[in-house]
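# Observations on the model geometry
The primary structure of each chain is shown beneath.
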Amino acid sequence: MEKIVIEKAICYIKEFFSNEYSGHDYWHSYRVYKLASRIAEEEHADLLIVQLAALLHDADDRKISPNTHEKKGNAISFMKQNGVEDQIISEVVKIIEEVSYAGEDSVVPQSIEGKCVQDADRLDAMGAIGIARAFAYGGNHNRVMHDPDIKPNLYMTKEEYQNHLSTTINHFYEKLFRLNGMMNTSAAKKIAVHRDQAMHQYIDEFLLEWEGER
Ligand code: ADP
Ligand code: NI
């Protein structure tokens, strides 16, 4: 039964994100699901809760589904329709509420399952994939890649983080380089170190090329 619910959740989000190109897409949820499962096995967390929360974590995203965001209506309807127990539904909903990055206002999830999902979601913003997502997001939001005159704004509140205008390169300083120090689980910490290095190498190279030095 558990396997069938997960397969249905994969189909559900594939359909849900079929017209989304903003960086929140089916493949993001799919990667978070894969990575969260790997972390969960190492951390001995409950796989069903981790996988449901990973797959559904963006199904009520504020930007994509503002009307269901508050109460997580899409995630709950999916789980109810597929016979998921109430206890599990409430654990999954709690994780979805805790998982999102919100600058200085981010929270540490209470359960080990939530910690695995949050780590996987953050890891997907890092490394080679993270770099690609950042530029895809920047293009989608009409941002310039880089402007040396616009300085990064570290330490933003949730409101500031969601509303300020900046460049894609600044996003690395404002968010992506900070994720390495924010992992909850030891399984994720090992992956984060590698992805952080890859981003630093890339940005060093970018800035040298920008000045015609490479
Ligand atoms: P979350 O998955 O926590 O909801 P966001 O919605 O903040 O994350 O971001 C989704 C993706 O878009 C991430 O890969 C993130 O790094 C990228 N992104 C978010 N804001 C920016 C930005 N201002 N510039 C470039 N990339 C961004
Ligand atoms: Ni996400």
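Residues numbered from 1 in each chain as written. Chains lettered and ligands numbered in written order. Predicted model: local features only at pLDDT ≥ 70, side-chain atom pairs only at ≥ 80, totals over all residues. Heavy atoms only, no water.

With distances of 2.1 Å, the protein atoms coordinating the nickel ion (ligand 2) are His28 (NE2), His57 (NE2) and Asp121 (OD). When the donors of the nickel ion (ligand 2) are listed by position in the chain, the intervening gaps give H-x28-H-x63-D. Taken together, the positions of histidine 28 in helix α2 (residues 26-43) and aspartate 121 in helix α7 (residues 112-123) put the pair 93 residues apart, joining distant regions of the chain. Aspartate 121 matches histidine 28 in its accessibility class, with the two residues each being buried. (Donors = N, O, S within 2.8 Å, 3.2 Å for Na, K, Ca; no water. Helix = DSSP H or I, 4+ residues; strand = E, 2+ residues; numbered from the N terminus. Buried < 20%, exposed > 50% of the residue type's maximum accessible area, 1.4 Å probe, protein only.)

What follows deals with the environment of isoleucine 4. Turning to its location among the elements, isoleucine 4 is positioned in helix α1 (residues 2-16). Exposure remark for isoleucine 4: the relative accessible area of 48% places this residue in the partly exposed category. Residues isoleucine 4 and glutamate 160, 156 residues apart in the sequence, show an inter-C-alpha distance of 41 Å.

Turning our eyes to something else, we now look at a negative patch on the surface. A cluster of acidic residues, Glu2, Asp46, Glu85 and Asp86, forms a negative patch on the protein surface. Summarising the element assignment, aspartate 46 is placed in the loop between α2 and α3 (47-56). A residue is classified by how much of its surface remains accessible, and aspartate 46, at 36% relative accessible area, is partly exposed. (Patch = residues over 30% accessible without salt bridge, like charges linked within 9 Å, V, L, I, M, F, W, Y side chains within 5 Å. Areas by Shrake-Rupley, 256 points an atom, 1.4 Å probe, with all protein chains shown as cover. Salt bridge = Lys/Arg side-chain N within 4 Å of Asp/Glu carboxyl O. Lys, Arg positive; Asp, Glu negative; His and termini not counted. Charge placed at Lys NZ, Arg CZ, Asp CG, Glu CD.)

Glancing now at the nonpolar core. Counting residues in hydrophobic clusters, the biggest one holds 55 residues, and the most contacted among them are Ile39, Leu52, Leu56, Met79, Val92, Leu123 and Phe172. Sort the elements by how many residues they give to this core and α3 lands first, with eight residues. The contact partners of valine 92, leaving out residues within four places of it in the chain, are Ile49, Leu52, Ala53 and Met79. (Core = buried A, V, L, I, M, F, W, Y, C linked by side-chain atoms within 4.5 Å. Contact = heavy atoms within 4.5 Å.)

Moving on: the packing of α1 against α2. Running from N to C, α1 and α2 point in directions that differ by 155 degrees, and their axes come no closer than 9 Å. Classified by the interaxial angle, the pair formed by α1 and α2 is roughly antiparallel. Seen from above, α1 lies across α2 with right-handed handedness. Here α1 contributes Ile6, Ile10, Ile13 and Lys14 to the contact with α2, which in turn contributes Tyr26, Ser29 and Tyr33. (Axes fitted to C-alpha atoms, helices over the stretch in contact; angles between N-to-C directions. Parallel < 35°, antiparallel > 145°, perpendicular 65-115°, else oblique. Left-handed = near helix turned anticlockwise from the far one by under 90°.)

So, on to the packing of α3 against α7. Remark: α3 packs on α7, axes separated minimally by 9 Å, with the N-to-C direction vectors making an angle of 40 degrees. Compared by their axis directions, α3 and α7 come out oblique. Crossing of α3 against α7: the hand is right-handed. In this structure, α3 uses Ile49, Val50, Ala53 and Ala54 to contact α7, whose residues at the interface are Glu113, Cys116 and Val117. Residue composition of the contact of α3 with α7, grouped by class: six nonpolar, no polar and one charged. (Nonpolar A, V, L, I, M, F, W, Y, C, P; charged D, E, K, R; others polar.)

The quantities given are spatial measurements derived from coordinates; they are silent on function.
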